[in-house]
Amino acid sequence: MISESRCPVENGELLVRRGGEGPALLLIAGGTGSGDSYRALAKPLYADYTVITYDRRGHFGSTDATTGPVPVSLQADDARAVLDHIGLGPAMVFGTSAGALIGLDLVARFPSSVTTLVAHEPPAVHLMPDAGAWLEAAAEQVRLARSGELMTAVTRFADAIAGAALPDLPNMRLPHEADWIRLFDRELTEFFDYLPDLRALRKASTEIVPVAGEGSRGRYHYQPAKILALELGLPFTEMPGAHLAPQRNPGKFAAALKDLLSPEL
């Protein structure tokens, strides 16, 4: 049975969902911030974990009274608030894409809140030698979205992600348009500008597991996980599928995630 609750945060309120039994596992969404993007992934995890998801502030069922850019630190504050709201003590955390960046900031600043973090393909492009090109690409996507060419911005965004290219269909209607607008207008630059605090992560007691999908090799969202592992002196692990594997290959991905979180299960 899935229960829903509202978690108060600074200048907003988050829609939180909880299901399953066992140790707490928080799933932090990337993309347009929907906790429901993990619905299929959560199902095979319910038998072993209390799975917690939430809509990021300002997206879907969550609210946000702030204006202007939404920094990663505020998103990490929200994640910590969700953990406090659930009240199960330190939790395991999985985040993909922007959700992995939020997880990294959560661990860097609140390490006692997280026992294990699996960071799946964090787009920490500042760790890469060709960061400038990816920052320029993101800035162009933001410019396009703000000038009324949202579909072009979304298409370019998707084309850069392994396995996420949109079909070439005339007059295709973009679902969840308001959430895409928010992503480009208020969040994307903050995510791409974010550099994980390597010093804090090295000192954290949290077990950090940088991972990337085997189908993402050669893409900008694969390399930062490898570099992060190297910088932190940690093993790098390949997962099944590509960037959207948590959504598109949930059964196989959940099995691999369980092996990382609880190898004894």
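Residues numbered from 1 in each chain as written. Predicted model: local features only at pLDDT ≥ 70, side-chain atom pairs only at ≥ 80, totals over all residues. Heavy atoms only, no water.

Colleague: Would you take a moment to explain the pairing of strand β1 (residues 3–9) for this structure?
Modeller: For a regular strand, side chains alternate in direction, first toward one face of the sheet and then toward the other. As paired elements, β1 and strand β2 (residues 12–20) share 7 bridges and run antiparallel to each other. Counted as the bridge partner of Pro 8 is Glu 13 from β2. Following β1, the chain reverses through 2 residues before pairing antiparallel with β2; Asn 11 in that reversal takes a positive phi of roughly 60 degrees. (Pairing = 2+ DSSP bridges. Helix = DSSP H or I, 4+ residues; strand = E, 2+ residues; numbered from the N terminus.)

Colleague: Would you mind going over the pairing of strand β4 (residues 50–54) with me for this structure?
Modeller: Taken across its 5 residues, β4 has 5 buried, putting it largely inside the fold. Alternating positions in β4 separate into two faces, Thr 50, Ile 52 and Tyr 54 on one and Val 51 and Thr 53 on the other, with burial throughout. Bridge count between β2 and β4: 5 bridges; the pairing is antiparallel. Directly across from Gly 20, in β4, lies its bridge partner Thr 50. Looking at chain direction, strand β3 (residues 24–28) and β4 are connected through 4 bridges and run parallel. Paired with Ala 24 across the strands is Thr 50, a residue of β4. (Buried < 20%, exposed > 50% of the residue type's maximum accessible area, 1.4 Å probe, protein only.)

Colleague: Looking at this structure, I do not really get the layout of surface pockets. What am I missing?
Modeller: Sizing a probe to match a water molecule and rolling it over the atoms shows the empty space that remains. Counted as a void, the largest pocket has a volume near 850 Å³. Forming the walls of the largest pocket are 34 residues, and the residues nearest its centre are Gly 31, Thr 32, Phe 157, Trp 180 and Leu 244. Looking at the lining of the largest pocket, the elements that each hand over two or more residues are α5 (150–159), α6 (177–193) and α9 (245–248). Looking at which element gives the most residues to the lining of the largest pocket, the answer is α6, with 5 residues. Broken down by class, the residue content of the lining of the largest pocket amounts to 21 nonpolar, 12 polar and 1 charged. (1 Å grid on protein atoms, 1.4 Å probe; cavity = no way out; pocket = protein on both sides within 12 Å on 5 of 7 lines; lining within 4 Å. Points joined across faces, edges and corners; volume = space filled by probe spheres on them. Nonpolar A, V, L, I, M, F, W, Y, C, P; charged D, E, K, R; others polar.)

Colleague: Any chance you could explain the packing of aromatic side chains here in plain terms?
Modeller: How two aromatic rings sit relative to each other is given by the distance of their centres and the angle of their planes. Within the structure shown, the criterion is met by 8 aromatic pairs. Each ring, one from Phe 157 and one from Trp 180, has its centre 5.8 Å from the other, and the planes form 75 degrees; the classification is edge-to-face. Here Phe 157 is found in helix α5, whereas its partner Trp 180 is found in helix α6, with 23 residues between them in sequence. There is no split in this pair, since Phe 157 and Trp 180 are both buried. Through pairs of rings, three or more aromatic residues link up here, namely Tyr 38, Phe 94 and Phe 253. (Phe/Tyr/Trp six-rings, centres within 6.5 Å; stacked < 30°, edge-to-face > 60°.)

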